[in-house]
Amino acid sequence: EPRDHSRLLVMDRDTGRLTDSVFYELPRFLRPGDCLIVNDSRVMPARLYGRRKGSGGVVELLLLTPKGGDRWEVLAGPGRKARPGDILMFGDGLLEAQVLEITEGGNRLVQFAYQGESLYPILEQIGEMPLPPYITKKLAQPERYQTVYAREVGSAAAPTAGLHFTPELMDRIRAMGVDIGFITLHVGLGTFRPVKVENIEEHKMHAEHYELKPETADLINRTRSRGGRVIAVGTTSCRTLESIGQTQKDTLTEGVRPAEGWTDIFLYPGCEFTLTDGLITNFHLPESTLIMLVCAFAGYDHTMAAYAHAVKERYRFFSFGDAMFIH
């Protein structure tokens, strides 16, 4: 604390040169005319603890993907006990879920039932933050696992590169002539699934919903036209930009267009980047798609050298860890 007092490792992606800094000094490494693209998705309190109707057996659900009409794909535990037809109860009856089917990956499709207009206020009341498994303490302040600009509810995990920003730092960045634009990508847990196949091209990413609004598309176009850099804050922002860049690559010379849809893009070494000129990211787990994205952007050798430096200098890794700026 404060958030922007985490450390920052700055890498020149052309030379691999590394500079040790702190996050509140980020403006030193930005230029007037650049823009930051941040993911404004807000984490749902998506972990529910309840009981099976009838047997009273304990059950836990983690909401993953909305399927329309209050149907959700969820992780259920203990998994084998949540069978089609079962009714699960949460919050002393505030919320019920009927298990409809077992999906191909072993998850469950459930139908929620409740009083009221929306599921989200009930989740805020009875749900818990789906923290990564290596964080074993409950958060005294759940907002600490939200970015200060989070507003669009829908993620199962935080876009953690953005956790380093404070409102004051964002004001300083804007004051120096760097614009900040918002995109939305609702983070699913598939993002963190380790790659188990020998040939990484066979790894299947889970699809995640994204949206690029007209005002952010205009900002990206203005930035590119004036020679500024488009800097993605987090791998989720980067994946969104590159999903749009790939789907619109034949018309990019005319400008980026607003877009909305689902992406399962997987960026690994050999992939080309169309819209991302810089990347702010945390330090990631081995064998993850996240570290492969960083290797794709910065180069494998530069990335491994940066991680060796980070380990030697005792940078903190993962969700509440330190950050890296690659430019």
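Structure's up top.
*Asks:* Explain the overall build of the protein chain residue by residue, including any values.
*Replies:* What the protein chain contains, in helices and strands, is six helices and 17 strands. The C-alpha atoms of the protein chain give 20 Å as radius of gyration, which agrees with the globular expectation for 327 residues (20 Å, within 12%). Per-residue burial over the protein chain gives 52% buried out of 327 residues. Long-range pairs, those at least 24 residues apart, make up 68% of the contacts in the protein chain between residues at least 6 apart in sequence. For the protein chain, the exposed surface amounts to about 15,400 Å²; the carbon and sulfur share of it is 49%. Within the protein chain, one finds 37 positive and 42 negative side-chain charges whose respective centroids are separated by 5 Å.

*Asks:* Outline the sheet that holds strand 14 (residues 230–233), supporting the account with residue identities and numerical values.
*Replies:* In space, the nine strands of this open sheet follow the order 2-1-17-16-14-3-12-13-15, with mixed pairing throughout. Because the sheet does not close on itself, it has two edges, and the strands there are strand 2 (18–22) and strand 15 (259–263). Neighbour to neighbour, the strand axes of the sheet diverge by 25° on average, direction disregarded. Here strand 3 (residues 35–39) pairs with strand 14 via three bridges, running parallel. Among the inter-strand pairings, Leu36 is bridged to a residue of strand 14, identified as Ile231.

*Asks:* Talk me through the sheet that holds strand 7 (residues 71–77); I want residue IDs and the actual numbers.
*Replies:* Hydrogen bonds along the backbone pair up the strands of a sheet, which may run parallel or antiparallel. Taken in spatial order, the six strands close into a barrel running 5-6-7-10-9-8, and their pairing is antiparallel. Direction aside, neighbouring strands of the sheet carry axes that sit 45° apart on average. Direction of pairing for strand 5 (residues 47–52) relative to strand 8 (residues 87–90): antiparallel, over a ladder of three bridges. If you follow Arg52 over to strand 8, its bridge partner there is Leu88.

*Asks:* Residue-level account of the pattern of salt bridges, with values.
*Replies:* Tallied over the full model, the rule gives 16 salt bridges. Residues Arg28 and Glu25 are paired through a salt bridge, measuring 3.0 Å at the closest nitrogen-oxygen approach. For Arg28, a relative accessible area of 56% gives the class exposed. A residue is classified by how much of its surface remains accessible, and Glu25, at 26% relative accessible area, is partly exposed. Across the salt bridge formed by Arg226 and Asp179, the nearest N and O atoms sit 3.2 Å from each other. Pair noted here: Arg226 is in the loop between helix 3 (214–225) and strand 14 and Asp179 is in strand 12 (residues 179–185), with a separation of 47 residues, a long-range link. You can call Asp179 partly exposed: its relative accessible area is 29%. One salt-bridge network, held together by shared partners, links Glu152, Glu211 and Lys213.

Calculation criteria
Residues numbered from 1 in each chain as written. Predicted model: local features only at pLDDT ≥ 70, side-chain atom pairs only at ≥ 80, totals over all residues. Heavy atoms only, no water. Helix = DSSP H or I, 4+ residues; strand = E, 2+ residues; numbered from the N terminus. Rg over C-alpha atoms; globule rule 2.2 N^0.38 Å. Buried < 20%, exposed > 50% of the residue type's maximum accessible area, 1.4 Å probe, protein only. Contact = heavy atoms within 4.5 Å. Areas by Shrake-Rupley, 256 points an atom, 1.4 Å probe, with all protein chains shown as cover. Lys, Arg positive; Asp, Glu negative; His and termini not counted. Charge placed at Lys NZ, Arg CZ, Asp CG, Glu CD. Pairing = 2+ DSSP bridges. Axes fitted to C-alpha atoms, helices over the stretch in contact; angles between N-to-C directions. Salt bridge = Lys/Arg side-chain N within 4 Å of Asp/Glu carboxyl O.

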